[in-house]
Structure formats: C-alpha cells, structure tokens
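# Observations on chain architecture
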Amino acid sequence: MGVRNDAHGADKFGFKSLAGVNWNLPDTVLVEHAIRNGEGTLVQGGALCAETGVHAGRSPKDKHVVVDALTENTVWWGGNRKLSGANLQLLHDDMIAHARGKTLYA
C-alpha cells in the first residue's frame, strides 16, 4: 500500500501526480506486489523469478559524469562520458514526466 507522495519527500525531487509511493517495504511485501503486478512468479522453493527480457543489466556506455567546474579538470575523461548540466536536467524532466501516474518503489 502506498503513502502520500510528500510523506517522505518525493515531491521535493519533482515527483507529482503519482499513483503512489512505497518506501522501504519488507521483502515479503515486495514479492507480493511483484506477483500481483504480473512482474514475477514464485518458483519451486519459494524464490521470486522475474523475467527481465533482453535488456537486463546496465550498459557501460550509459554511465555519464556531469561536467562542471569541479569535474572538468579532476575526472579522467578517457574512461568516462561527459554529460552537461543542461542535458542532465532534460533527462530528469523526462524521468519525472515518465513517472507521472505510476506507483514508485524506494
């Protein structure tokens, strides 16, 4: 069961018009939610099995560091990808819009 969006400060991060926010749920409750939402099933022995599809894990090329006055000359850019503050804001705004109307888990 979710709580008000502002109960733990989700609104301070820009989240608005959410269906709900679930904070620090115990693992048993998370499993119940996953099963109820069709996101997984219980297998023999009681473990949750969730099919992630073909896009599982994190892509190393999707890791970026925001370049600013602090990082410009202190980060090794040969192994890290730059992201401007403006592009970070665009990603943040897109994520907030995508979350609208959804139930989040934190």
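Everything below is about the structure printed above this text.
Predicted, not measured: the structure shown is a model, and the values here were computed from it.

Per the secondary structure count, the protein includes 2 helices and 6 strands. Mapped from its N terminus to its C terminus, the protein presents α and β elements in the order β-α-β-β-β-β-α-β. What you see for the protein is a C-alpha radius of gyration of 18 Å, clearly larger than the 13 Å of a compact globule of 106 residues, by over 25%. A burial count over the protein gives 15% of its 106 residues as buried. Of the contacts made within the protein by residues no fewer than 6 positions apart, 38% connect residues no fewer than 24 positions apart.

Moving on, we come to the nonpolar core. Membership of the largest hydrophobic core is limited to 6 residues, which are Ala-10, Phe-15, Leu-18, Val-21, Ile-96 and Ala-99. Leave out the neighbours within four places in its chain, and Phe-15 touches Ala-10, Met-95, Ile-96, Ala-99 and Leu-104.

Turning our eyes to something else, we now look at the pattern of salt bridges. Taken as a whole and assessed by the stated rule, the structure comprises 1 salt bridge. Across the salt bridge formed by Lys-82 and Glu-72, the nearest N and O atoms sit 3.7 Å from each other. Note that Lys-82 is positioned in strand E5 (residues 81-83) and Glu-72 in the loop between strand E4 (64-66) and E5, a separation of 10 residues in sequence. Classification of Lys-82 by relative accessible area gives partly exposed; the value is 48%.

With respect to the helices, strands and loops of the structure, His-33 is situated in helix H1 (residues 27-36). On the basis of relative accessibility, which here comes to 7%, the residue His-33 falls in the buried class. Within the structure, His-33 has its side chain in polar contact with the side chain of Tyr-105 (distance 2.7 Å).

Let us look at the environment of Ala-50. Within the element layout of this structure, Ala-50 appears in the loop between strand E3 (48-49) and E4. Residue Ala-50 is classed as partly exposed on the basis of its relative accessible area, which comes to 43%. The spatial distance from the C-alpha of Ala-50 to the C-alpha of Val-21 is 21 Å, given a sequence separation of 29 residues.

A few words on the environment of Trp-76. Along the polypeptide, Trp-76 turns up in the loop between E4 and E5. Spatially, the C-alpha atoms of Trp-76 and Leu-48 are 40 Å apart, while their sequence positions differ by 28 residues.

Criteria and cut-off values
Residues numbered from 1 in each chain as written. Predicted model: local features only at pLDDT ≥ 70, side-chain atom pairs only at ≥ 80, totals over all residues. Heavy atoms only, no water. Helix = DSSP H or I, 4+ residues; strand = E, 2+ residues; numbered from the N terminus. Rg over C-alpha atoms; globule rule 2.2 N^0.38 Å. Buried < 20%, exposed > 50% of the residue type's maximum accessible area, 1.4 Å probe, protein only. Contact = heavy atoms within 4.5 Å. Core = buried A, V, L, I, M, F, W, Y, C linked by side-chain atoms within 4.5 Å. Salt bridge = Lys/Arg side-chain N within 4 Å of Asp/Glu carboxyl O. Polar contact = N/O pair within 3.5 Å; in protein donor to acceptor, adjacent residues only side chain to side chain.

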